[in-house]
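Residue-level structure breakdown
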Number of protein chains: 4
Amino acid sequence: MAQSLSGNIENMIGWTKVPLGQVNDLVVNGKSYDLPLATTEGTLVASVNRGCKATRLSGGVRVLVEEVGATRGPVFKVKNISEGRKLIEWAQSNFSQLKQAAAKTGEHIRLIDFKPAMAGKQVWLRFRFNTGEAMGMNMVTIATQKIVEVIDEKLKVKCVALSGNFCVDKKPSWLNLIEGRGKKVWAEALIKRIVVKEVLKTTPEKIIEVVRDKHWLGSIMSGSIGGNGHFANIVAALFLATGQDMAHVVDGSLGVTTAELENKDLYFSVYLPALMVGTVGGGTRLPSQQKALKMLGNPTAVELAGIIGGAVLVGELSLTAALSSGDLAKAHERLGRPR
Amino acid sequence: MAQSLSGNIENMIGWTKVPLGQVNDLVVNGKSYDLPLATTEGTLVASVNRGCKATRLSGGVRVLVEEVGATRGPVFKVKNISEGRKLIEWAQSNFSQLKQAAAKTGEHIRLIDFKPAMAGKQVWLRFRFNTGEAMGMNMVTIATQKIVEVIDEKLKVKCVALSGNFCVDKKPSWLNLIEGRGKKVWAEALIKRIVVKEVLKTTPEKIIEVVRDKHWLGSIMSGSIGGNGHFANIVAALFLATGQDMAHVVDGSLGVTTAELENKDLYFSVYLPALMVGTVGGGTRLPSQQKALKMLGNPTAVELAGIIGGAVLVGELSLTAALSSGDLAKAHERLGRPR
Amino acid sequence: MAQSLSGNIENMIGWTKVPLGQVNDLVVNGKSYDLPLATTEGTLVASVNRGCKATRLSGGVRVLVEEVGATRGPVFKVKNISEGRKLIEWAQSNFSQLKQAAAKTGEHIRLIDFKPAMAGKQVWLRFRFNTGEAMGMNMVTIATQKIVEVIDEKLKVKCVALSGNFCVDKKPSWLNLIEGRGKKVWAEALIKRIVVKEVLKTTPEKIIEVVRDKHWLGSIMSGSIGGNGHFANIVAALFLATGQDMAHVVDGSLGVTTAELENKDLYFSVYLPALMVGTVGGGTRLPSQQKALKMLGNPTAVELAGIIGGAVLVGELSLTAALSSGDLAKAHERLGRPR
Amino acid sequence: MAQSLSGNIENMIGWTKVPLGQVNDLVVNGKSYDLPLATTEGTLVASVNRGCKATRLSGGVRVLVEEVGATRGPVFKVKNISEGRKLIEWAQSNFSQLKQAAAKTGEHIRLIDFKPAMAGKQVWLRFRFNTGEAMGMNMVTIATQKIVEVIDEKLKVKCVALSGNFCVDKKPSWLNLIEGRGKKVWAEALIKRIVVKEVLKTTPEKIIEVVRDKHWLGSIMSGSIGGNGHFANIVAALFLATGQDMAHVVDGSLGVTTAELENKDLYFSVYLPALMVGTVGGGTRLPSQQKALKMLGNPTAVELAGIIGGAVLVGELSLTAALSSGDLAKAHERLGRPR
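Please read all numbers here as calculations on a predicted model, not as lab measurements.

A tally of regular secondary structure across chain A gives 12 helices and 10 strands. Against the compact-globule benchmark of 20 Å for 339 residues, chain A has a radius of gyration of 22 Å, which places it among compact chains. Across its three principal axes, chain A shows a C-alpha extent of roughly 65 × 50 × 35 Å. Taken across its 339 residues, chain A has 71% of its residues classed as buried.

One open sheet accounts for four strands, arranged S2(C)-S1(C)-S1(D)-S2(D); its pairing is antiparallel. Across the chains shown, the open sheet's two edge strands, defined by having one partner strand only, are strand S2 (31–38) of chain C together with strand S2 (31–38) of chain D. Sheet twist, expressed as the average angle between the axes of neighbouring strands with direction ignored, equals 30°. Two elements, strand S1 (residues 12–28) of chain C and S2 of chain C, share seven bridges in a ladder whose sense is antiparallel. Each residue of the ladder has a partner; that of Val23 of chain C, found in S2 of chain C, is Leu35 of chain C. Running over the sheet, helix H8 (residues 231–242) of chain D touches S1 of chain C together with strand S1 (12–28) and S2 of chain D and is turned about 90° from S2 of chain D. Against the sheet, helix H11 (residues 301–324) of chain D engages S1 and S2 of chain D, with an angle of about 75° to S1 of chain D.

Turning next to the pairing of strand S3 (residues 62–72) of chain B. Working note: regular strand, side chains alternate between the two faces of the sheet. All names here are of chain B. Of all the 11 residues making up S3, eight are buried; the element is thus mostly covered by neighbouring parts of the structure. Strand direction decides the pairing type here: S3 and strand S8 (residues 182–191), joined by seven bridges, are antiparallel. Pairing of Leu64 across the sheet is with Trp186, part of S8. In this structure, S3 lies alongside strand S6 (residues 122–130), joined through three bridges in antiparallel fashion. Of the residues in S6, the one forming a bridge with Thr71 is Arg128.

Note on the identical chains: chain A maps onto chain C by a rotation of 180° and an axial translation of 0.0 Å, with an RMSD of 0.0 Å. What we have between these two chains is a two-fold relation. Of the C-alpha atoms belonging to chain A, the one lying closest to the rotation axis is found on Trp216 of chain A, 3.4 Å away. Mapped onto chain C, 100% of the interface residues of chain A again fall at the interface, so both copies present the same surface.

Moving on: the relation of the copies chain A and chain B. Rotating chain A by 180° about the axis while translating it 0.0 Å along that axis superimposes it on chain B, leaving an RMSD of 0.0 Å. Of all interface residues in chain A, 100% are interface residues in chain B too; the two copies therefore contact each other through one and the same surface.

Looking now at the sheet that holds strand S1 (residues 12–28) of chain B. Across the sheet, four strands lie side by side as S2(A)-S1(A)-S1(B)-S2(B); this open sheet has antiparallel pairing. Either end of the sheet is taken by a strand with one partner, and the two such strands are strand S2 (31–38) of chain A together with strand S2 (31–38) of chain B. The mean angle between the axes of side-by-side strands here comes to 30°, regardless of whether they run parallel or antiparallel. Helix H1 (residues 44–56) of chain A rests against strand S1 (12–28) and S2 of chain A of the sheet, and its axis sits at about 20° to S1 of chain A. Contacting S1 and S2 of chain A, helix H11 (residues 301–324) of chain A crosses the sheet at an angle of about 75° to S1 of chain A.

With that settled, consider the interface of chain A and chain B. Each partner contributes to the interface: chain A provides 106 residues, whereas chain B provides 106 residues. On the chain A side of the interface with chain B, the three residues burying the most area are Glu10, Thr16 and Thr40 of chain A, jointly 8% of the side's total. Run the count over chain A and chain B and you get six salt bridges. Notably, a salt bridge pairs Lys77 of chain A with Asp213 of chain B, separated by 4.0 Å at the nearest N-O pair. Top contributing element to the side of chain A that touches chain B by residue count: S1 of chain A, with 12 residues.

Before going further, it helps to spend a moment on the confidence of the model for chain A. With 99% of its residues at a pLDDT of 70 or more, chain A shows a mean pLDDT of 96. Per the prediction output, this complex has pTM 0.97; the corresponding ipTM is 0.97.

Take the interface of chain A and chain C next. At the junction of the two partners, chain A supplies 17 residues and chain C supplies 17 residues. Regarding the contact of chain A and chain C, the summed buried area is about 1500 Å², with carbon and sulfur atoms giving 76% of it. Where chain A meets chain C, there are two salt bridges. Close ionic contact of Arg212 of chain A with Glu260 of chain C constitutes a salt bridge, the shortest N to O distance being 3.2 Å. Along the contact surface separating chain A from chain C lie four residue pairs in polar contact (both at pLDDT 80 or more). For the side of chain A that touches chain C, the leading source of residues is helix H7 (residues 204–221) of chain A, giving five residues.

Going through the model one piece at a time under the given rule, you end up with 76 salt bridges over all chains. Notably, a salt bridge pairs Arg62 of chain B with Glu188 of chain B, separated by 2.8 Å at the nearest N-O pair. Of this pair, Arg62 of chain B sits in strand S3 while Glu188 of chain B sits in strand S8, placing them 126 residues apart in sequence. Classification of Arg62 of chain B as partly exposed rests on a relative accessible area of 39%. Given the relative accessible area of 1%, Glu188 of chain B is considered buried. Between Lys146 of chain C and Glu149 of chain C there is a salt bridge; the shortest N-O distance is 3.2 Å. Residue Lys146 of chain C and its partner Glu149 of chain C are both found in helix H4 (residues 137–155); the two are separated by three residues, about one turn of the helix.

Following the criterion strictly, the structure yields 18 aromatic pairs over all chains and no others. The interplanar angle of 10° and the centroid separation of 5.2 Å between the aromatic rings of Trp186 of chain A and Tyr271 of chain A together place this pair among those described as stacked. Here Trp186 of chain A is found in strand S8 (residues 182–191), whereas its partner Tyr271 of chain A is found in strand S10 (residues 265–275), with 85 residues between them in sequence. Overall, Trp186 of chain A belongs to the buried group, its relative accessible area being 5%. An aromatic cluster of three or more residues is present, and its members are Phe95, Phe114 and Phe127 of chain A. Here Lys121 of chain B stacks its cationic end above the ring of Tyr267 of chain C, 4.5 Å away from the centre of that ring.

Residue and element names in this part refer to chain D. Orientation of helix H7 (residues 204–221) relative to H11, taken along the N-to-C sense of each, is 95°, at an axis distance of 9 Å. Considering their axes alone, H7 and H11 lie roughly perpendicular with respect to each other. Here H7 contributes Lys206, Ile207, Val210, Val211, Lys214 and His215 to the contact with H11, which in turn contributes Glu316, Leu317, Thr320, Ala321, Leu323 and Ser324. When grouped by side-chain class, the residues that make up the contact of H7 with H11 number six nonpolar, three polar and three charged.

Turning to a positive patch on the surface, a few remarks are in order. A surface patch of positive charge is lined by Lys17 and Lys291 of chain A together with Lys17 and Lys291 of chain B. Structurally, the position occupied by Lys291 of chain A is in helix H10 (residues 287–295).

The next thing to look at is the side chain of Arg212 of chain B. Locating Arg212 of chain B in the fold gives a position in helix H7 (residues 204–221). Separated by 3.3 Å, the side chains of Arg212 of chain B and Glu260 of chain D make a polar contact. Those residues in contact with Arg212 of chain B, other than ones at most four positions away along the chain, are Lys77 and Gln122 of chain A, Leu217 of chain B together with Trp216, Thr258, Ala259 and Glu260 of chain D.

Right, let's talk about H11 of chain D for a bit. Its 24 residues give H11 of chain D an end-to-end C-alpha distance of 34 Å, which sits within 8% of 34 Å, the value for a rise of 1.5 Å per residue. Here H11 of chain D lies mainly inside the structure; 22 of its 24 residues are buried.

Our next topic: the environment of Leu57 of chain B. Residues and elements named next belong to chain B. You can see Leu57 is positioned in the loop between helix H1 (44–56) and S3. C-alpha separation for the pair Leu57 and Val195, spaced 138 residues apart in sequence, amounts to 7.2 Å. Sequence-distant contacts of Leu57, that is, excluding residues within four places in its chain, are made with Lys192, Val195 and Val199.

Parameters and conventions
Residues numbered from 1 in each chain as written. Chains lettered and ligands numbered in written order. Predicted model: local features only at pLDDT ≥ 70, side-chain atom pairs only at ≥ 80, totals over all residues. Heavy atoms only, no water. Helix = DSSP H or I, 4+ residues; strand = E, 2+ residues; numbered from the N terminus. Rg over C-alpha atoms; globule rule 2.2 N^0.38 Å. Buried < 20%, exposed > 50% of the residue type's maximum accessible area, 1.4 Å probe, protein only. Pairing = 2+ DSSP bridges. Axes fitted to C-alpha atoms, helices over the stretch in contact; angles between N-to-C directions. Contact = heavy atoms within 4.5 Å. Least-squares fit on C-alpha atoms with pLDDT ≥ 70 in both. Buried area = accessible area lost by both parts, 1.4 Å probe. Salt bridge = Lys/Arg side-chain N within 4 Å of Asp/Glu carboxyl O. pLDDT = per-residue confidence, 0-100. Polar contact = N/O pair within 3.5 Å; in protein donor to acceptor, adjacent residues only side chain to side chain. Phe/Tyr/Trp six-rings, centres within 6.5 Å; stacked < 30°, edge-to-face > 60°. Lys NZ or Arg CZ within 6 Å of the ring centre and 35° of its normal. Parallel < 35°, antiparallel > 145°, perpendicular 65-115°, else oblique. Nonpolar A, V, L, I, M, F, W, Y, C, P; charged D, E, K, R; others polar. Patch = residues over 30% accessible without salt bridge, like charges linked within 9 Å, V, L, I, M, F, W, Y side chains within 5 Å. Areas by Shrake-Rupley, 256 points an atom, 1.4 Å probe, with all protein chains shown as cover. Lys, Arg positive; Asp, Glu negative; His and termini not counted. Charge placed at Lys NZ, Arg CZ, Asp CG, Glu CD. Expected span 1.5 Å × (residues − 1).

In structure tokens, the structure reads:
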């Protein structure tokens, strides 16, 4: 058994099984998807389903995806700041050489550019890569190793750590919110006033008030990165179902929700700057995860990112609505405890 | 099938299965544990195992756990700042009344205290609860609803949202790092120099350099909350195996690593301020998750938090060692790809 | 000359002279003040004056001040986390002993409480003091030195640095926004619609839109601490005029602005969590600074904090209005360049 | 009187006078400077002087300055995310048009590039300008106004606020630490062990310990932006003396200190990412400020930034040394109170 799972696990002793729920007909850019959500939090599937319905009745969700790329930010040790500047300038002048070194490590990887930083004798170079349909951290690590070897050979500059926390991988950081990582996704919907009332049992004004007082002001008062309600719940459920790396929920759940009146209807949007997702490699190879991807029509990585953005929007919409109508506790009493 | 999973999922269509690996003999406070790790990231189990061995040969990991409690921070709307101050003062003066209201919602919940904040007409009260062996967010939501009703009844002050992002639940925030949430855990180990060399293939000095340049300086340069290497990987794998809420990986993976020389040996520590974990309720009820908890000796929630702290320490130690010796890419080439 | 300035400067060679402007009739809690603003930024005095007029015509500014106290957070080195916990528990159990040690260093200083933190062998204790009418950092440093000596004597625990950046003094930090430092100030005003139109040349709706899109969303998108437009301008001008420590502009300018409709009028508020101000000691002793304080009626430190809060509100209101009506560039063209 | 100060102040009633101290012979890149420091904090001049001596005896301070440029980040309102992307793409495709519009507003201003961001219907474009010898915010505001008019004319996209807090001006933000603003400055020195002992009364090891436990770990534990001891003190004193905008102390004091052993000597560095300074315009026109600039040899803006970087290094070195030897309180008792 363990044999066939090489690349995913060592010393395997069995399987952890998480219940999988289904949400029907999320409409994203005019296309309909059934969502697989793996979770143990009662109410989540029902809540996403409700948000789905509300947007579906209003024309669906529109999504934009921007490919940023996976990043690795090794930290180097230089002799002084002048040598540090030389390292950065050398990497800029000899970029094609670094690009070639990276390209040799695999046919699906391509170095795009890098962003430098320096403090004292420490220099960070945040390399950004296109990794095709894969989430790509493995590829990126191996390619960065080659780049680091070229730098060592040419400049005799030592790499202290292949990852220097200027990537930033699986830690919450403003760098990722500001620069993006993996895929950046924006999703929006215009929900008709009557739908807000009938499906979400609230009003656009009340939803807007919660976005203002909780998602924005509450986030500012508590020193949060971003400003949203519960992106992490939906991201975690879809990541788990589709075989993504669960530690990437940390970066993947970063983001900002906005809401406003458009005429008398509700304009609602979410922005997710750092979705590290793939449709090949890693956990996506496993049987139940393959099935979940199939359920989504075997999407490309970009399409999958868009679906996740759409799902986050409807889940965020439904929770925000429940908070605005005072129904959160009731829902959790009903669906969050075993009957 | 769905019937028996009420409280965990709606519209269930099957199971997501994640491979479970085993790490042997993590020694925490003198007791030995076999760890269940659910992950699809090759090398993780092997790496944690290596860190485990290194600490075991050095006397094991010492752990301290502090029960902070689960929190909910509703946001209220007041007429002006003077009324806002009155609300806060009233809640302080009538705390026993709020405590009783909370206690009525369940026998395992106890309101401990609250922390207030105000900006303009918005007031947040971050209520902190003891929730026994449960992670407790469901209980806490229901209890806070009651508290909010008392406030509404007595003061005619309206609650805008039962969660006002001053909790902070499932979002990365400085408030949680500074105040703690759920359980705070500190873990430390003194790894003998010879063990660092033979088991971890590096030196204490090199590990200390990576902690300095990556975990601390790299985190500062990238605007990260906390300063660590990859807490999220170990937290996610143990949370998944033991039935915790996967969106809590966001808060649970916050924290700080430290390292320094002690005589010629390596002192290594991790601090996790916001572990939201439980051993009853939620996903812990499920069969494979129950088995994982049994494998750990059916720990209390506090003991489980301590085990997670110990596991994070050994996983962090092993990754930091691999980075310091330049072995990260090699390990991922060997174990991170299917053979 | 230098002799008489001992305590303020060494090796004195002259004076730096900054122009002082006057703003008339800021009404705070029903009392009228003429404000001294020392600045070299053209338009600032005129802008604050305009905001002043707008609130004066609407009943003035209401202000609440909370005395938090000055803080020092030394960092100690312990042998292990268990000894660290003992240090924290000892300080809690023997608090009166620490309080007495602090009290012996001066008649105007009183230790209130402390907030602990620990990571590995490092322990921080953030001591909070009442310092009467003084800003108090000097007193607090000397008192903390005594506390540290008691701890060293009783527990043999070494202090690494008397300030451990857990104070946090003169650096931007979430800890200060969340906990407060010095004085916390809230200020609010209800500006009549007609006044917004005639004096501020805009509408409540437009001002609210700028607060939303710039002060809140823009601050979130850029990883700012707090959410405001230009608190620093007004804080700096008043600090300079009244002899405050100019490096405290960093903490003193932290804060959050809110705005909303109240009926058809504009409710506008500011929150400043960390105003380190005094009316005795430091630069307040100097002649021109004494004159400025006299102009304000020789206020207490609490009253001064309230005046600053009121001035920040009117300055913030005027800038936000200018942005909302597209007049910022015009004003700077007219008043920001020499004619 | 007021006449001649048009552009700096309105409704002038007099001058605020701050004592000016002198520090001799700061050696930066081989050149010697006498520093004018305007402050009311006793010990500051003496402390900077001590750090100056320590570096002077060790070969002086080496400094690198990078011209980043002044920035303005207006926020625009678009109809939907698709229109938002079009706005960004249009600005990229028609960059030369924007550049020309900016150039027409003055001969000393040049648009370099811009950085976009989007959340829902809000789009921010952070324009970056070269402003010659001026700090330049006035010029930048006026130029951005023109750019905004072009966008409005061509695309019919409305600007909500000319500054959208994506600049970020005078607020503490991670964006500025990560991207830089104004001038980025790195400064470093190698202080001989014997000099650390004789001049600073401590050891390299003790200084390194304070940098680690206070500047880095303490800053992480308190949610600070950056990691330093007291950059703000030196920045404020030099800004005040040389006529800079005092509200820019907020951004200008951001930064990171590093220290490490080099052989047995002390390598010490500071990094300041966002120094908004100029040598023409604003407060630099005033008499005492002109004198201070003359004292520095009438430097260019870049040279002034380098001097400030050097001064921050020596001031930071001296404070860190005082903390490490337990002398902070003593120094403040001696110099921080009037005799």
